[in-house]
Amino acid sequence: MNTVKIVVAGPRGKMGSEALRMIQKQDNYELVACVDKKNGGWKVKDIDGLPPFEARIYEDMDECLQEVEADVLIDLTAPEVGYKHTKSAFEHGVRPVVGTTGFTTDQLEELTDLSEQKGLGAVIAPNFAIGAVLMMQFSKMAAKYFPNVEIIERHHDQKLDAPSGTAVKTAELIQQVREEQSQGHPNEKETIPGARGADFDGMRIHSVRLPGLVAHQEVVFGDLGQNLTIKHDSFHRESFMSGVKLAVDRVLELDVLVYGLENLME
Ligand SMILES: NC(=O)c1ccc[n+]([C@@H]2O[C@H](COP(=O)([O-])OP(=O)(O)OC[C@H]3O[C@@H](n4cnc5c(N)ncnc54)[C@H](O)[C@@H]3O)[C@@H](O)[C@H]2O)c1
Ligand SMILES: O=C(O)C1=N[C@H](C(=O)O)CCC1
């Protein structure tokens, strides 16, 4: 089994630190460096609470990838920086596995083109939890029969982007099969702006941010005399790690950008 050399961006974060613990458990993964906005020049083991890796922390992705030989970048940072890191990975011949959410459609298209130009695979997955991927797939199935649908996503209050990447991806999957229509009363009026949530192609998305939450989503379908609710909860960030590992293993064989873990699941 070949060793996979990995750079992690965002190692001090909630997801990045969990990814380090996942890497520590794999015999064929090697953490070769990390990138974060502070602690440049430190070793990972010097940071309280992180596994005792010797790998160095850089504050600049280009500098890191010039100095270090890597196969895969795992990015778990923040929207704008994650996008820059992903571009930098392509420039240095490194395959990105991106969990960072909040990329715009234009950014996703640009990264897809870059992946194709470079012939380098990449995985961008708004949600690495297998249960969440199934929740999205089941929602797509249901939307064919229940075109009236609203998405309620709930996350911890440190989250930067709204709606969540998972909610946007769910709405995109539903859009592929749902008859186009507007929902609610044609004359409805918001007396407080935003009361009806974000409008994605006539579907409403509601974002809840509260301390104590991790990552949760309900997709509620309505029809005469019946409702169907499809729900997923991540109670711990360990829930994302089997998906991160799947993406790292599969990205090595890819020469295109894959958006969504469902495309890697049989
Ligand atoms: N795809 C998934 O399954 C999944 C699951 C959970 C979270 N996420 C996403 O992952 C990202 C990280 O989430 P989190 O909860 O770990 O966030 P966090 O705030 O706990 O951690 C972010 C990390 O990025 C680093 N960072 C921030 N700005 C930076 C910069 N300019 N340069 C370098 N490093 C920088 C921070 O120092 C920190 O280490 C978010 O976009 C979140 O939406 C995705
Ligand atoms: O904690 C977060 O932030 C999460 N973000 C992802 C999203 O935006 O969908 C996935 C779940 C956790």
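Calculation rules
Residues numbered from 1 in each chain as written. Chains lettered and ligands numbered in written order. Predicted model: local features only at pLDDT ≥ 70, side-chain atom pairs only at ≥ 80, totals over all residues. Heavy atoms only, no water. UniProt positions renumbered as here; feature names shortened; annotations may be inferred. Near = heavy atom within 4 Å. Polar contact = N/O pair within 3.5 Å; in protein donor to acceptor, adjacent residues only side chain to side chain. Areas by Shrake-Rupley, 256 points an atom, 1.4 Å probe, with all protein chains shown as cover. 1 Å grid on protein atoms, 1.4 Å probe; cavity = no way out; pocket = protein on both sides within 12 Å on 5 of 7 lines; lining within 4 Å. Sits in = over half its atoms within 2 Å of the grid points. Nonpolar A, V, L, I, M, F, W, Y, C, P; charged D, E, K, R; others polar. Phe/Tyr/Trp six-rings, centres within 6.5 Å; stacked < 30°, edge-to-face > 60°. Lys NZ or Arg CZ within 6 Å of the ring centre and 35° of its normal. Domains from an automatic or database assignment. Buried area = accessible area lost by both parts, 1.4 Å probe. Points joined across faces, edges and corners; volume = space filled by probe spheres on them. Helix = DSSP H or I, 4+ residues; strand = E, 2+ residues; numbered from the N terminus.

Looking at an unreviewed UniProt entry, one finds the protein chain named 4-hydroxy-tetrahydrodipicolinate reductase, with Radiobacillus deserti as its source organism. You can read under Sequence similarities (unreviewed entry) in the UniProt record for the protein chain the words "Belongs to the DapB family." Of the protein chain, the UniProt comment under Pathway (unreviewed entry) reads exactly: "Amino-acid biosynthesis; L-lysine biosynthesis via DAP pathway; (S)-tetrahydrodipicolinate from L-aspartate: step 4/4."

Draft legend 1. Looking closely at the site of ligand 1. If you check the shell around ligand 1, you find 20 residues, and the closest are Met15, Asp36, Thr101, Ala125 and Phe128. Between ligand 1 and Met15 there is a distance of 2.8 Å, counted from an oxygen atom to a backbone nitrogen or oxygen. Taking Lys159, its side chain carries an N or O atom lying 2.9 Å from an oxygen atom of ligand 1. Calculation on ligand 1 without its partners gives an accessible area of 860 Å², and the protein chains cover 82% of this total. More than half of the atoms of ligand 1 fall within 2 Å of the grid points belonging to the largest pocket. Split into classes, the residues belonging to the shell around ligand 1 amount to seven nonpolar, seven polar and six charged.

Draft legend 2. Region of the structure containing the packing of aromatic side chains. With the rule as written, the count across this model stands at two aromatic pairs. The aromatic ring of Tyr58 is capped on one face by Arg56, whose charged end is 4.1 Å from the ring centroid.

Draft legend 3. Highlighting the site of ligand 2. If you check the shell around ligand 2, you find Thr101, Pro126, Asn127, His155, His156, Lys159, Asp161, Ser164, Gly165, Thr166, Ala215 and Phe240 and nothing else. Measuring from an oxygen atom of ligand 2, one finds a side-chain N or O atom of His156 at 2.8 Å. Within the backbone of Gly165, an N or O atom sits 2.8 Å from an oxygen atom of ligand 2. Under a 2 Å grid-point criterion requiring more than half of the atoms, the pocket assigned to ligand 2 is the largest pocket. Looking at the shell around ligand 2 residue by residue, the classes come out as three nonpolar, seven polar and two charged.

Draft legend 4. Up close: the domain arrangement of the protein chain. Assigned domains of the protein chain: these are domain 1 (4-124 + 238-263) and domain 2 (130-235). Averaged C-alpha coordinates put domain 1 and domain 2 at centres separated by 28 Å. Roughly 990 Å² of surface becomes buried between domain 1 and domain 2 when both sides are summed, with 62% attributable to carbon and sulfur atoms. By the criterion of area lost to domain 2, the three top residues of domain 1 are Thr101, Tyr259 and Glu262, representing 46% of everything that side buries.

Draft legend 5. Here's a closer look at empty space enclosed by the protein. Counted by the stated rule, this structure contains one cavity of 30 Å³ or more. Put simply, the largest cavity is a space of about 60 Å³. Around the largest cavity sit Asn127, Ala132, Met135, His155, Thr166, Ala215, His216, Gln217, His232 and Ser234, which together line it. The set of elements that each furnish at least two residues to the lining of the largest cavity consists of helix 5 (130-143), strand 10 (215-223) and strand 11 (226-234). At three residues, the largest contribution of residues to the lining of the largest cavity is made by strand 10.

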